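Geometric and topological summary
Okay, here's what each chain looks like letter by letter:
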Amino acid sequence: MSNVHLVDHPLVQHKLTLMRRKDASTNSFRRLLNEISMLMAYEVTRDMPMQDIEVETPLETMQAKVIDGKKLVLVSILRAGTGILDGMLTVVPGARVGHIGLYRDPKTLTAVEYYFKMPGEMENRDVIVVDPMLATGNSAVAAVERLKELNPKSIKFVCLLTCPEGVATMQMAHPDVPIYTAAIDRELNSHGYILPGLGDAGDRIFGTK
Ligand code: URA
């Protein structure tokens, strides 16, 4: 699991525990996901390229570092990815945004694409793909496969929760793509849900159950 970054910061772990509770309201689930996503953004952007610009302080002129947020593309896997996207955009407001619409065929659990919209010049951009649950791994693998057709400079994957099956599937297909997650849970059940997990992330974010 060399390519897996477990974000085990106490703030992230505390908020994740609150999100797992089945009686957490939609409001608090969404707010907590938003907060965790900001903290995950901090980790996943740690090695982002920087450049020096000239800045005038009240006292003198200096060279100071900035990131080029426009080079970064946050790609949300619809619909649950939106929950992570919002938090990340709060801390990297200059990022471009792409969307991939994938649904899980309930019988085969494979990913079927219904939407794909990315910014231009992807070959000059670093991509962070976001989806709260890396479960079977099928959606993540399909999304990254599709993105690789556009030849971006780099791709990272951020989720809230995963399981050994999801990590293995992703690493088998895309060993070059690092995975950032707040937890690796015990297992996947026969319906493709993570155990103990937190249920259906999309339903819990949007209150659709
Ligand atoms: N998607 C979810 O929303 N939850 C799971 O446990 C697995 C996939």
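Procedures and definitions
Here the residue numbering is sequential within each chain, running from 1 through the sequence in written order. This being a predicted model, a pLDDT of at least 70 is required before a residue's local features are given, and a value of 80 or more before pairs of side-chain atoms are given or counted; all residues contribute to the totals for chains, interfaces and linings. As a convention, hydrogens and water are excluded, and side-chain values are obtained from all of the structure's heavy atoms. UniProt positions are given in the numbering used here, feature names are shortened, and annotations may be inferred rather than shown by experiment. Between Lys or Arg on one side and Asp or Glu on the other, a salt bridge is scored when a side-chain nitrogen of the former is within 4 Å of a carboxyl oxygen of the latter. Working definition: helices are DSSP H or I runs of at least four residues, strands are E runs of at least two. Numbering for both runs from the N terminus. Working definition: with a 1.4 Å probe on protein chains only, accessible area under 20% of the residue-type maximum means buried, over 50% means exposed, and in between means partly exposed. We define proximity as follows: a residue is near a molecule or strand when any one of its heavy atoms falls within 4 Å of that partner. What qualifies as a polar contact is a pair of N or O atoms within 3.5 Å, subject to a donor-acceptor requirement within protein and to the restriction that residues adjacent in sequence count only when both atoms come from side chains. For the area figures, the Shrake-Rupley method with a 1.4 Å probe applies, and any residue is considered shielded solely by the protein chains shown. Take the buried Ala, Val, Leu, Ile, Met, Phe, Trp, Tyr and Cys residues and link them wherever side-chain atoms come within 4.5 Å; each set so joined is a nonpolar core. The contact criterion used is simple: two residues touch if any of their non-hydrogen atoms lie within 4.5 Å. Each patch is built from residues that are more than 30% exposed by relative accessible area and take part in no salt bridge. Like charges join if they lie within 9 Å; nonpolar side chains (Val, Leu, Ile, Met, Phe, Trp, Tyr) join within 5 Å.

Within an unreviewed UniProt entry, the label attached to the chain reads Uracil phosphoribosyltransferase, and the organism entered is Variovorax paradoxus. UniProt lists a comment for the chain under the heading Sequence similarities (unreviewed entry), and it reads "Belongs to the UPRTase family."

Quick look at the pattern of salt bridges now. Enumeration according to the criterion identifies eleven salt bridges in this entry. Among the salt bridges present, the one from Arg20 reaches Asp185, with a minimum N-O distance of 2.8 Å. In this pair, Arg20 is assigned in helix α1 (residues 10-20) and Asp185 in the loop between β12 (183-184) and β13 (187-188), connecting sequence segments 165 residues apart. A relative accessible area of 25% places Arg20 in the partly exposed class. Here Glu149 and Arg146 are joined by a salt bridge, their closest N and O atoms 3.0 Å apart.

The next point concerns the site of the ligand. The full set of residues close to the ligand is Arg104, Met133, Ala135, Gly192, Tyr193, Ile194, Gly199, Asp200 and Ala201. Here a nitrogen atom of the ligand and a backbone polar atom of Gly199 are 2.8 Å apart. In the environment of the ligand, an oxygen atom lies 2.7 Å from a nitrogen or oxygen atom belonging to the backbone of Ala201. In isolation the ligand exposes 240 Å². Once the protein is present, 89% of that is buried.

A word on the nonpolar core. By size, the foremost hydrophobic cluster in this structure holds 36 residues, and its most contacted members are Leu16, Met40, Met88, Val158, Leu160 and Leu198. A per-element tally of this core places helix α2 (residues 26-44) first, with seven residues. Ignoring sequence-local partners within four residues, the contact set of Met40 consists of Val7, Met88, Val158, Cys159, Tyr180, Thr181 and Ala182. The next biggest cluster of nonpolar side chains, apart from the first, holds 23 residues, and it includes Val4, Val73, Cys159 and Val167.

On the surface, Tyr103, Tyr114 and Tyr115 cluster together to form a nonpolar patch covering roughly 340 Å² of accessible area. Relative to the helices and strands, Tyr115 resides in strand β6 (residues 111-117).

Time to look at the UniProt feature "domain: Phosphoribosyltransferase" (unreviewed entry) in the chain. When the UniProt feature table is mapped to this numbering, "domain: Phosphoribosyltransferase" (unreviewed entry) covers residues 7-208. Note that residues 7-208 is 34% helix and 30% strand, and that its end C-alpha atoms are spaced 28 Å apart.

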